[in-house]
Amino acid sequence: MSTVIARTVTRTVVPIILVTAVALLLQGHNLPGGGFIGGVLTVTAFALIYIIYGLDYLEEELLHQNREVLIESIQHGIVGNYQLAFGLGLATAAIAGLVPVLFGWNFLYQTFWVLHHVPIYGELHVASALAFDLGVYFVVVGALLTILAVVGTE
């Protein structure tokens, strides 16, 4: 049973963690950060929700899935969604590496585009490596959340 203070801190900290994860994901091709650390931070936010509110809260309240159905077929419930995220991330990372080869460049060759007048950032350099970082992000999130959900049902 969690305390009121723990629940209040969680409701305050989780959005901050998620915004930081997205910021690190977007700046990863120019500065420290990227898909891996963004994914780890995202999983940290979910782990905090699991610890304070429980796995039931995420499944029933946020995703509107019935817990009894999930226990009967764990692979088709929330874990299935995490595994889908893992698979799509792996495919995205692989495709991001292979697309330059189709244009006669090296594997994982990158170029960039500059977006002007972006809120908060001002000017944002979007590299083609962002697609690879997104793939890594979803692989990390899918794998670690699968582990958390499976261990959490034990």
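Residues take numbers from 1 onward in each chain, read along the sequence in its written order. The model is predicted, so local features are restricted to residues of pLDDT at least 70 and side-chain atom pairs to those at 80 or more, both for listing and for counting; the totals for chains, interfaces and linings are taken over all residues. Only hydrogens and water are removed before side-chain values are computed, so all heavy atoms of the structure are retained for them.

J.: Tell me what's going on with the overall build of the chain, and back it up with residues and numbers.
T.: Across its full length, the chain carries 6 helices and 2 strands. Secondary structure is summarised from DSSP: a helix means a run of H or I of at least four residues, a strand means a run of E of at least two, and numbering begins at the N terminus for each. Helices and strands in the chain line up, N terminus first, as α-α-α-α-α-β-β-α. Between buried and exposed lies partly exposed: a residue is buried under 20% and exposed over 50% of the maximum accessible area for its type, with that area taken using a 1.4 Å probe on protein chains only. Here the chain holds 154 residues, and the buried ones make up 32% of them. When contacts within the chain are restricted to residue pairs at least 6 apart in sequence, long-range pairs at least 24 apart make up 59% of them. Areas reported here follow the Shrake-Rupley algorithm with a probe of radius 1.4 Å; residue values treat only the protein chains shown as occluding. Put simply, the chain shows about 9500 Å² of open surface, and 71% of that area lies on carbon and sulfur atoms. Here a residue-residue contact requires only that any non-hydrogen atoms of the pair lie within 4.5 Å.

J.: Could you give an account of the environment of Arg 11, with specific residues and numbers?
T.: Counting through the fold element by element, Arg 11 comes out in helix 1 (residues 4-27). Residues Arg 11 and Ile 49, spaced 38 residues apart in sequence, show a C-alpha to C-alpha distance of 8.6 Å.

J.: Outline the packing of aromatic side chains, listing residues and values.
T.: Two rings belonging to Phe, Tyr or Trp (six-membered ring only in the last case) form a pair when the distance between their centres is within 6.5 Å. Interplanar angles under 30 degrees mark stacking, angles over 60 mark edge-to-face geometry, and anything in between is tilted. For the structure on display, the rule yields 3 aromatic pairs. Taken together, a centroid distance of 5.2 Å and an interplanar angle of 85° make the contact between Tyr 137 and Phe 138 edge-to-face. A relative accessible area of 14% places Tyr 137 in the buried class. Using a relative accessible area of 38% as the deciding quantity, one classes Phe 138 as partly exposed. Among the aromatic residues, those joined into a cluster by ring pairs are Phe 103, Trp 105 and Tyr 109.

J.: Describe in detail the nonpolar core, supporting the description with residues and values.
T.: Only buried residues count toward a nonpolar core. Its members are Ala, Val, Leu, Ile, Met, Phe, Trp, Tyr and Cys residues joined through side-chain atoms within 4.5 Å. Judged by nonpolar contacts, Leu 25, Val 43, Tyr 50, Leu 55, Val 79, Tyr 82, Tyr 137, Val 141, Leu 145 and Ala 149 together constitute the single largest core of 10 residues. Broken down by secondary-structure element, the contributors of at least two residues to this core are helix 2 (35-53), helix 5 (78-102) and helix 6 (129-153). The element best represented in this core is helix 6, accounting for 4 residues.

J.: Report on the side chain of Thr 42, specifying residues and quantitative values.
T.: Within the secondary structure, Thr 42 sits in helix 2. Any pair of N or O atoms that falls within 3.5 Å is considered a polar contact. Within protein, one atom must be able to donate a hydrogen and the other to accept it, and sequence-neighbouring residues count only if both atoms are side-chain atoms. Within polar-contact distance, the side chain of Thr 42 engages the backbone oxygen of Gly 38 at 2.9 Å. Non-local contacts of Thr 42, meaning those with residues more than four positions away in its chain, are made with Leu 18, Ala 21, Tyr 137 and Val 141.

J.: Report on the UniProt feature "transmembrane region" (unreviewed entry) in the chain, specifying residues and quantitative values.
T.: The positions UniProt marks with the feature "transmembrane region" (unreviewed entry) are residues 12-29, 35-58, 79-105 and 125-151. From the first C-alpha to the last, residues 79-105 spans 38 Å; its make-up is 89% helix and 0% strand. UniProt positions are given in the numbering used here, feature names are shortened, and annotations may be inferred rather than shown by experiment.

J.: Before we move on, can you summarise the pairing of strand 1 (residues 112-118) with the specific residues and values?
T.: On a regular strand, one side chain projects to one face of the sheet and the next to the other, so that they alternate. Inspection of the sheet shows strand 1 paired to strand 2 (residues 122-127) by 5 bridges, in the antiparallel sense. Following the sheet pairing, Phe 112 is matched in strand 2 by Ala 127. Strand pairing is assigned whenever DSSP identifies at least 2 bridges connecting the two strands.

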